Amino acid sequence: MKKNLISIIILALLIVNIVLTAIMMVSVLGTNKKTADLVTDIASAISLDLGEGQESEKVEMVSMADTETYTISEMRILLKKDNAVDEEGNVIDDKDHYALISVALSMNTKNKGYKTYSDLSTREDLIKGLINEVVSQYTIGQAKDNAQQMEQEILKKIQERFDSDFIYDVTLISPLYQ
């Protein structure tokens, strides 16, 4: 009789355990679904803030067969003075510094702007002015450390000036700083 009573108690506890597990699963699944929806909403809001889906952020790959380069030979550009001071308030470096750079512009021959502006030799002085405008904003230390940022700023200025993205890459060729 004791064995049957213990078996009945174990059976009752097993049924209670199954019922409680079922209740817990239903409540957890409901909460899990709400959490998943919240995470999805946050992820979509973040992607909107980052500007994904905008055409201006689209990176276009241009094949080498469709690429033409135009090289602007060595330019000597006066860099911005570094206003760093020591503990006594004396200017550390009061010398003029220069950048000697050549620039290669990569053009997409399939772009409609290329047909209009393909002869850059007539506009070289304009482009040199834009390059000078960007590079002269940097000190010698900033120029050495931020070459890629300078290239991106030059590209942005050129694309704004021509109101076209037929020039899709700017490369600084062996820049020298003094």
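Topic: the pairing of strand β2 (residues 98-108)
Step number 1: For β2, the tally of buried residues reaches 9 of 11 residues, placing the bulk of the element in the interior.
Step number 2: Bridging between strand β1 (residues 67-78) and β2 involves 10 bridges; their strand directions are antiparallel. Bridge pairing links isoleucine 77 to alanine 99 in β2.
Step number 3: The pairing of β2 with strand β3 (residues 167-177) spans 8 bridges and is classified as antiparallel. Residue leucine 105 lies in a different strand from β3, and its bridge partner there is valine 170.

Regarding the sheet that holds β3
Step number 1: Strand order in the open sheet formed by 3 strands is β1-β2-β3, and the pairing between neighbours is antiparallel. The strands lining the two open edges of the sheet, one partner per strand, are β1 and β3. Neighbour to neighbour, the strand axes of the sheet diverge by 20° on average, direction disregarded.
Step number 2: Taken strand by strand, helix α3 (residues 124-135) contacts β1 and β2, and its axis lies near 55° from that of β1.
Step number 3: Across the sheet, helix α5 (residues 147-162) lies against β2 and β3, angled at about 135° from β3, the strand it touches most.

Thoughts on the side chain of serine 106
Step number 1: Looking at the element boundaries, serine 106 is found in strand β2.
Step number 2: For serine 106, a relative accessible area of 10% translates into the label buried.
Step number 3: Setting aside chain neighbours within four positions, we find serine 106 in contact with Thr67, Glu68, Thr69, Phe166, Ile167, Tyr168 and Asp169.

Considerations on the packing of aromatic side chains
Step number 1: Scanning all chains against the criterion turns up 3 aromatic pairs.
Step number 2: Pairing tyrosine 117 with phenylalanine 162 gives two aromatic rings, centres 5.0 Å apart and planes at 65°, and the pair type is edge-to-face. Of this pair, tyrosine 117 sits in helix α2 (residues 112-117) while phenylalanine 162 sits in helix α5, and the two are 45 residues apart along the sequence.
Step number 3: For tyrosine 117, a relative accessible area of 23% translates into the label partly exposed.
Step number 4: Judged by centre distance (5.7 Å) and plane angle (20°), the rings of tyrosine 117 and phenylalanine 166 are stacked.

Let's talk about the side chain of aspartate 66
Step number 1: Here aspartate 66 shows up in the loop between α1 (2-49) and β1.
Step number 2: This buried residue, aspartate 66, is left without a salt bridge; lysine 110 holds the nearest opposite charge, at 4.1 Å.
Step number 3: Once residues lying within four places of it in the same chain are set aside, the contact partners of aspartate 66 are Met107, Asn108, Thr109 and Lys110.

Procedures and definitions
Residues numbered from 1 in each chain as written. Predicted model: local features only at pLDDT ≥ 70, side-chain atom pairs only at ≥ 80, totals over all residues. Heavy atoms only, no water. Buried < 20%, exposed > 50% of the residue type's maximum accessible area, 1.4 Å probe, protein only. Helix = DSSP H or I, 4+ residues; strand = E, 2+ residues; numbered from the N terminus. Pairing = 2+ DSSP bridges. Axes fitted to C-alpha atoms, helices over the stretch in contact; angles between N-to-C directions. Contact = heavy atoms within 4.5 Å. Phe/Tyr/Trp six-rings, centres within 6.5 Å; stacked < 30°, edge-to-face > 60°. Lys, Arg positive; Asp, Glu negative; His and termini not counted. Salt bridge = Lys/Arg side-chain N within 4 Å of Asp/Glu carboxyl O.

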